[in-house]
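Below are the chains, spelled out letter by letter.
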Amino acid sequence: MTTVRQRRAGKGTEVDEDQPSEEKNVKPDGKVLSDHTGRKLWDVLSVAVGGIVAVSLGLLTSVYVATLHENDLWFSNIKEVEREISFRTECGLYYSYYKQMIQAASIQQGLHGLVYDNKTESVRTINILERMNVYQEVFLSILYRILPIQQYLEPVYFYIYTLFGLQAVYVIALYVTSWLLSGTWLSGLLAACWYVTNRVDTTRVEFTIPLRENWALPFFAVQIAAVTYLFRTHLQPVQEKLTLMAVFIATFLFSVTWQFNQFMMLIQALALFILDCFDMLPTAKVTWLYIIQVSGLLLVCVLQFFNSMILGSLLISFNASVLIARTVQKNLKKGGLLNRLGKLILHVVLVLCLTFVINKFVKKILNLESDEHIFKFLKAKFGFGATRDFDANLYLCEEAFGLLPLNTFSRLSDTLLFYIYVFVLILLTVAAVIVAFRNLSGSNQVQCTEKTEECTITLKPDAAYNLTHTVLFGCLALSTMRMKYLWTSHMCVFASFGLCSTEVWKLILKCIRLHTSQRIRLIKYSVPIITLLYISYKHIGNRQQGSEQSLSVLKSSLYVLCLSLKPTAGKLDRLQKK
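Residues numbered from 1 in each chain as written. Predicted model: local features only at pLDDT ≥ 70, side-chain atom pairs only at ≥ 80, totals over all residues. Heavy atoms only, no water.

**Structural notes on the overall build of the protein chain**
Applicable threshold: Secondary structure follows DSSP: runs of H or I at least 4 residues long count as helices, runs of E at least 2 residues long count as strands, and numbering of each begins at the N terminus. Think of it in three bands: with a 1.4 Å probe and only protein chains considered, a residue is buried below 20% of the maximum accessible area for its type, exposed above 50%, and partly exposed in between. Contact definition: two residues touch when any of their heavy atoms are within 4.5 Å. Areas reported as accessible are Shrake-Rupley estimates using a 1.4 Å probe. Residue values count occlusion only from the protein chains shown.
Helix and strand counts for the protein chain stand at 25 helices and zero strands. Taken over 578 residues, the protein chain has a buried fraction of 44%. By sequence separation, contacts in the protein chain at least 24 residues apart represent 74% of the contacts at least 6 residues apart. Carbon together with sulfur atoms contributes 65% to the accessible area of the protein chain, which is approximately 31,300 Å² in total.

As structure tokens, this is what we get:
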């Protein structure tokens, strides 16, 4: 946390906030001790209630999504082949590998069929485990064969219920991230409610179940929650090690389940790089995150039979370049404003050049051209030249890879999510610019107009990371509609954090000269509760309106059916008379 403060000079000496004063050690009639015990009990109770609410919301979301899927397709009332047909496009392809593993005579034969597959591509035998991210189907099929559930649960239900269960993990991770940022589980409740009420723009799991993003995004949300906790101050060494382990596991699971893993983590690495350059994150923790990203990706590379596309990824080249450049420039964060700006520009140029050289060198050695269509697609998409590459043009024709439609913002505004998000984003961006400029200039004090008041400008490392994260992934979503689900879910977290944050309301009230601790406490709880009530009213109203529309459609259908049956009934009457 970056803090700037100036206090009125007093005649007496100040007591350090970290050292207990003599008055604090005095325990008249055990009053102070009882207050401390009561506060600890209240904290434990609050954590317990918040945890129960988080798990309950996650399970309810999972059931809700499963119910939507059932009501949309009547999944339990259609035949097995119709259920499989409901997995459209590449969804059916991914499910076919799960079905192939289950129908194999043994697990070994099933794996052999995937490694030497001659059904997917005509007149070619390919390694599915190398070409595609289907380890989740392999693991799930093995789990289904091992567990004694074959008599009670069909394979297709085990598959879809697992993915619906991951939605519970997703919501809990969003809830915890918002809770960590704001310090109150009310923020997590608001984030989860926004995620559910804006489900059209936050998830599409109910109608594209086997898509890779539906496997990967819950783990990515868990990783963001772990990274947010890692950037908290005053962590014990044991806590830091356990958090780093959680980050590694979540990063690996995210990487092994989605083919776009390296590009998403590259954006995350850029966020870490920007904040580290402005001295807004602890360098040691950022270094560990670089190493974890590369380690997770290399482990996936091994599992995918040393997939050369992973070895030639920009993420590995970029992270290696950052670590090398930091070793070369040891005094990067010392000196005045102009000195540090010069070093920073040189550092950025050095990292970019090293990334380009390392990436080209690796691709030259491995003779790698499998990802060239992605760069051709990006070049053509942003108007830097046309391309005749088939894969690139195929992406350009896909609506999912086009720009984000403007009606997305109107839908997000119906629940006040977008308005609050923009407000918090602007406020914290201004604070981040001020903090970054102060860090570069080496200034430690800011003049305050009121001598009697402590002047504090803060931006915690976890808030700074989530700010940069949402800005970069917002840019990605605006340029590519398919990636909006990475942004809109985090938008729920960021907006709820801003609405329940003490630091945000303190900054606002100080700007309008109405700052008191009582007002902050009142506003940070009353405003989220009012927002929750509005969301509930809006959601229930929309559901009732939707039910009325469905009922009217059903009545119209029945009326048309009756009209069509009247001639048939007349013919039957005439036949009976004859």
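**Regarding the confidence of the model for the protein chain**
Caution is warranted with low-pLDDT regions, since their predicted coordinates should not be read in detail. Here is the rule: pLDDT expresses, on a scale from 0 to 100, how confident the predictor is about each individual residue.
Of the residues in the protein chain, 83% reach a pLDDT of 70 or more, and the chain-wide mean stands at 84. Taken together, the stretch residues 1–28 has pLDDT below 50 and engages in 41 contacts with residues farther than four places along the chain or on a different chain. Here residues 444–455 is modelled with pLDDT under 50, and outside its nearest four sequence neighbours on either side it reaches 24 contacts, counting other chains as well.

**Things to note about the packing of helix H16 (residues 314–328) against helix H17 (residues 337–366)**
In a pair of packed helices, the angle between the axes and the distance between the axes together describe the arrangement. Test applied: Note on method: axes are straight lines fitted to C-alpha atoms, helices fitted across the in-contact stretch only, with angles between N-to-C directions ranging 0 to 180 degrees. An angle below 35 degrees is treated as roughly parallel, one above 145 as roughly antiparallel, one from 65 to 115 as roughly perpendicular, and anything else as oblique. The hand of a helix crossing depends on one turn: near helix anticlockwise from the far one by less than a right angle means left-handed, and clockwise means right-handed. Each residue receives one of three labels: charged for Asp, Glu, Lys and Arg, nonpolar for Ala, Val, Leu, Ile, Met, Phe, Trp, Tyr, Cys and Pro, and polar for the others, Gly being one of them.
Contact pair H16 / H17: the axes reach a minimum separation of 8 Å and the direction vectors enclose 135°. Looking at the two axes, H16 sits oblique to H17. As for how H16 packs across H17, the hand of that crossing is right-handed. Side by side, H16 and H17 meet where Leu-314, Ser-317, Phe-318, Ala-320, Ser-321, Val-322, Ile-324, Ala-325 and Arg-326 of the first sit next to His-347, Leu-350, Val-351, Leu-354, Thr-355, Ile-358 and Asn-359 of the second. Looking at the contact of H16 with H17, its residues break down into ten nonpolar, five polar and one charged.

**A short note on the environment of Gly-402**
Summarising the element assignment, Gly-402 is placed in the loop between helix H19 (390–397) and helix H20 (407–413). For the pair Gly-402 and Thr-480, spaced 78 residues apart in sequence, the C-alpha separation works out to 5.3 Å. If sequence neighbours within four positions are ignored, Gly-402 has contacts with Lys-381, Ser-479, Thr-480 and Met-481.

**Some thoughts on helix H14 (residues 283–303)**
Note the threshold: To estimate how far a helix should extend, the number of its residues minus one is multiplied by 1.5 Å.
Across its 21 residues, H14 extends 31 Å between first and last C-alpha, which sits within 8% of the 30 Å expected from 1.5 Å per residue. Lys-285, Val-286, Leu-289, Tyr-290, Ile-292, Gln-293, Val-294, Gly-296, Leu-297, Val-300 and Cys-301 are the residues of H14 that are buried. Structurally, H14 contributes buried residues whose contacts are with helix H11 (212–230), helix H12 (237–257), helix H13 (261–277), helix H15 (308–311) and H16. Two residues or fewer after H14 comes Phe-305, characterised by a positive phi angle close to 55°.

**Here's the deal with a nonpolar patch on the surface**
This is how it is decided: For patch building, the residue pool is restricted to those with more than 30% relative accessible area and no salt bridge; the joining distance is 9 Å between like charges and 5 Å between nonpolar side chains (Val, Leu, Ile, Met, Phe, Trp, Tyr). Think of a salt bridge as a Lys or Arg side-chain nitrogen and an Asp or Glu carboxyl oxygen that are within 4 Å of each other.
Judged by side-chain polarity, Trp-42, Leu-45 and Val-49 come together as a nonpolar surface patch covering roughly 310 Å² of accessible area. Topologically, Trp-42 is positioned in helix H2 (residues 31–73). Here Trp-42 falls in the exposed class, since its relative accessible area comes to 59%.

**Regarding helix H23 (residues 484–500)**
Taking 1.5 Å of rise per residue, the 17 residues of H23 would be expected to cover 24 Å, and the 24 Å separating its terminal C-alpha atoms lies within 8% of that figure. Burial of H23 is extensive: 17 of the 17 residues sit out of reach of the surface.

**Describing the environment of Leu-311**
For Leu-311, the location among the structural elements is in helix H15. Excluding residues that lie within four positions of it along the chain, Leu-311 makes contacts with Leu-298, Cys-301, Ile-316, Val-362 and Leu-366.

**Quick word on unusual backbone geometry**
A positive phi angle, near 55°, is found at Phe-305, a position not held by glycine. Here Phe-305 lies in the loop between H14 and H15. The backbone of Asn-367 sits at a positive phi, close to 55°, despite the residue not being glycine. Turning to its location among the elements, Asn-367 is positioned in the loop between H17 and helix H18 (372–381).

**Considering the packing of H13 against H14**
It is at 11 Å that the axes of H13 and H14 come closest, and there the two elements cross at 165°. By the angle class used here, H13 and H14 are roughly antiparallel. Our pair here, H13 against H14, has a crossing hand that is left-handed. Where H13 abuts H14, its residues Asn-261, Gln-262, Met-265, Gln-268, Ala-269, Leu-272, Phe-273 and Asp-276 lie against Thr-283, Val-286, Leu-289, Tyr-290, Gln-293 and Leu-297. Looking at the contact of H13 with H14 residue by residue, the classes come out as eight nonpolar, five polar and one charged.

**Here we look at empty space enclosed by the protein**
Where we set the bar: A pocket, in this scheme, is an open set of points on a 1 Å grid over the protein atoms alone with protein on both sides within 12 Å along at least 5 of 7 lines, while a cavity is a set where a 1.4 Å probe fits but cannot get out; residues line either one if an atom lies within 4 Å of a point. Grid points are joined across faces, edges and corners, and a volume is the space filled by probe spheres set on the points.
Under the definition given, this model contains five cavities of 30 Å³ or more. Quantified by volume, the largest cavity comes out at close to 90 Å³. Every residue lining the largest cavity is listed: Tyr-170, Leu-174, Thr-177, Leu-217, Phe-220, Ala-221, Ile-224, Leu-486, Ser-489, His-490 and Val-493. For the lining of the largest cavity, the elements supplying multiple residues, two or more each, are helix H8 (155–182), H11 and H23. Residues that form the lining of the largest cavity fall into these classes: eight nonpolar, three polar and no charged. Considering the residues around the second largest cavity, the lining is formed by Gln-167, Tyr-170, Thr-202, Thr-203, Arg-204, Glu-213, Asn-214, Leu-217, Pro-218 and Tyr-485. When residues of the lining of the second largest cavity are traced back to their parent elements, those giving at least two are H8 and H11. Taken together, the residues of the lining of the second largest cavity sort by class into four nonpolar, four polar and two charged.

**Quick notes on the layout of surface pockets**
Estimated volume of the largest pocket: approximately 1,600 Å³. Considering the residues around the largest pocket, the lining is formed by 47 residues, among which Tyr-94, Arg-131, Met-132, Gln-259 and Tyr-395 are closest to the centre. Those elements that provide at least two residues to the lining of the largest pocket are H2, helix H4 (90–103), helix H6 (128–131), H13, H15, H18 and H19.

**Details of the pattern of salt bridges**
The full count for this structure, using the stated rule, is 13 salt bridges. Across the pair Arg-124 and Glu-121 runs a salt bridge whose closest N-O atoms are separated by 3.3 Å. For Arg-124, a relative accessible area of 48% corresponds to the partly exposed category. Salt-bridge contacts for Glu-121 lead to Arg-131; the nearest nitrogen and oxygen are separated by 2.6 Å.

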